[in-house]
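# Understanding the architecture of this molecule
Spelled out from the first residue to the last, the chains are:
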Amino acid sequence: MYPQVSRRGVLAGAVAGAVASVWPGEARAQDGRRTRALRVAHLTDLHVQPERRAGEGMAACLAHVNALADKPDLILTGGDLVMDTAEQGEARTALQWDLFTKTLRDHNGIAVEHCLGNHDFWGMNKKKSATTGEERNYGKKRALEALGLAARYRSFDRAGWHVVVLDSVMHEGDGYIGRLDEEQWEWLKGDLAATPTDRPVLVVTHIPILSVPAALVEPHKETGKREISRSWVLTDAKRVVGLFAKHRNVKACLSGHIHEIDRIEYQGVAYICDGAVSGNWWKGRHKECDEGYGIVDLYPDGTFEHRYVTYGWRASPNASIEAGLYQA
Ligand SMILES: [Zn+2]
């Protein structure tokens, strides 16, 4: 399921090493073209459920990724893989995970690394999901079990890049806030400290660390204050951004959650929110965002190129009037 460094990655690394002494920090093949280390497809907010042809849509997206003439080496998912398990019982939760894992198995031949989102947290709202919190696989364990993952956050090296997948969703009351828990924060500090300074780092979260749409809030009618939702961006973004400032090899952060596309450049790091495979939760486009996914080309010198790709999905005309589940 997780192949080692791709052949292309090995070749790119070899070329980069060969020319590094000639042009420091810039890798070029013998014909003068820049040599890529790794091509990543970032698929976020799939929100799979039996309704609204979501399974078909996910299959169409995977078919599109797998048919690219210049095929990605790796798929990173960005969380909210299923429509909603936060407010659903075990049977409905199992139905959604079964559809997700079957669709992935049947329509994809590329290595995948998963990130979890708020909709993947089983029983966040105990009343609505009829959970107690004492279930063997309560919460994130249910998603990890379905996906065959050992940990909710982790890192790995691929083709000369260091990829960090974080868990940005913290349970609070019947909902959640965006944050890294202390255990994960300590781990992240150690992980970046242990990463060689010449190895570029790509970070993946579900909830954005920084986000333009999250900041576009109307002032409060009485106080005039503008308050950013604690569930839209990381509430501890300041310390995370501060940590990245100490590790200049952190180059890019990918996120989802907002179902919009935006890119912030701050202190040498790009924060990219990558739209949504499901668009408007399988009801068409969401604001300016069509159903799609990100393609990120990573280079050995720590530079990268990103673009958002649509896959031609047309939402079912009945999708918006079908019985709605959880929307946000
Ligand atoms: Zn989300």
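Residues numbered from 1 in each chain as written. Predicted model: local features only at pLDDT ≥ 70, side-chain atom pairs only at ≥ 80, totals over all residues. Heavy atoms only, no water.

Each helix and strand in the protein chain was counted, giving 8 helices and 13 strands. Of all 328 residues assigned to the protein chain, the portion counted as buried reaches 55%. In the protein chain, the proportion of contacts linking residues at least 24 apart, taken out of those at least 6 apart, comes to 70%. For the protein chain, the exposed surface amounts to about 14600 Å²; the carbon and sulfur share of it is 53%. (Helix = DSSP H or I, 4+ residues; strand = E, 2+ residues; numbered from the N terminus. Buried < 20%, exposed > 50% of the residue type's maximum accessible area, 1.4 Å probe, protein only. Contact = heavy atoms within 4.5 Å. Areas by Shrake-Rupley, 256 points an atom, 1.4 Å probe, with all protein chains shown as cover.)

Another point: the sheet that holds strand β11 (residues 269-274). The strand order across the open sheet formed by 6 strands is β4-β5-β8-β9-β11-β10, and the pairing between neighbours is mixed. Strands at the two margins of the open sheet, each flanked by one partner only, are β4 (154-158) and β10 (261-266). Averaged over all pairs of adjacent strands, the angle between their axes in this sheet comes to 15 degrees, without regard to strand direction. When strand β8 (residues 201-204) meets strand β9 (residues 250-255), the two strands line up parallel, connected through 4 bridges. Across the sheet, L202 pairs through a bridge with A252, a residue of β9. Helix α6 (residues 182-193) rests against β4, β5 (161-165), β8 and β9 of the sheet, and its axis sits at about 180 degrees to β5. (Pairing = 2+ DSSP bridges. Axes fitted to C-alpha atoms, helices over the stretch in contact; angles between N-to-C directions.)

Six octahedral donors around a metal ideally sit at 90 or 180 degrees from one another, while four tetrahedral donors ideally sit at 109.5 degrees. The coordination sphere of the zinc ion, as far as protein atoms go, consists of D80 (OD), N118 (OD1), H206 (NE2) and H257 (ND1), spread over 2.1 to 2.2 Å. Bound by 4 donor atoms, the zinc ion shows angles of 90 to 159 degrees at the metal and therefore irregular coordination geometry. (Donors = N, O, S within 2.8 Å, 3.2 Å for Na, K, Ca; no water. Tetrahedral: all angles 85-135°; square planar, octahedral: opposite > 155°, others 65-115°.)

Now for the pairing of strand β12 (residues 292-298). Taken across its 7 residues, β12 has 7 buried, putting it largely inside the fold. Side-chain alternation along β12 places G292, G294, V296 and L298 on one buried face and Y293, I295 and D297 on a second face that is also buried. Pairing analysis gives 5 bridges linking strand β1 (residues 38-43) to β12, with the strands arranged antiparallel. What sits directly across from A41, in β12, is I295. Pairing geometry for β12 and strand β13 (residues 304-310), over 7 bridges, is antiparallel. Residue I295 lies in a different strand from β13, and its bridge partner there is R307. Between the antiparallel neighbours β12 and β13 lie 5 residues, among them G302 with a positive phi of about 90 degrees.

Attention now moves to the packing of helix α2 (residues 54-67) against helix α3 (residues 90-107). Packing of α2 against α3 brings their axes to within 9 Å, and their N-to-C directions diverge by 30 degrees. Between α2 and α3, the angle is such that the two are roughly parallel. Between α2 and α3 lies a crossing whose hand is right-handed. Contacts from G55, M58, A59, L62, A63 and N66 in α2 reach L99, F100, T103, L104 and H107 in α3. Looking at side-chain class alone, the contact of α2 with α3 contains 7 nonpolar, 4 polar and no charged residues. (Parallel < 35°, antiparallel > 145°, perpendicular 65-115°, else oblique. Left-handed = near helix turned anticlockwise from the far one by under 90°. Nonpolar A, V, L, I, M, F, W, Y, C, P; charged D, E, K, R; others polar.)

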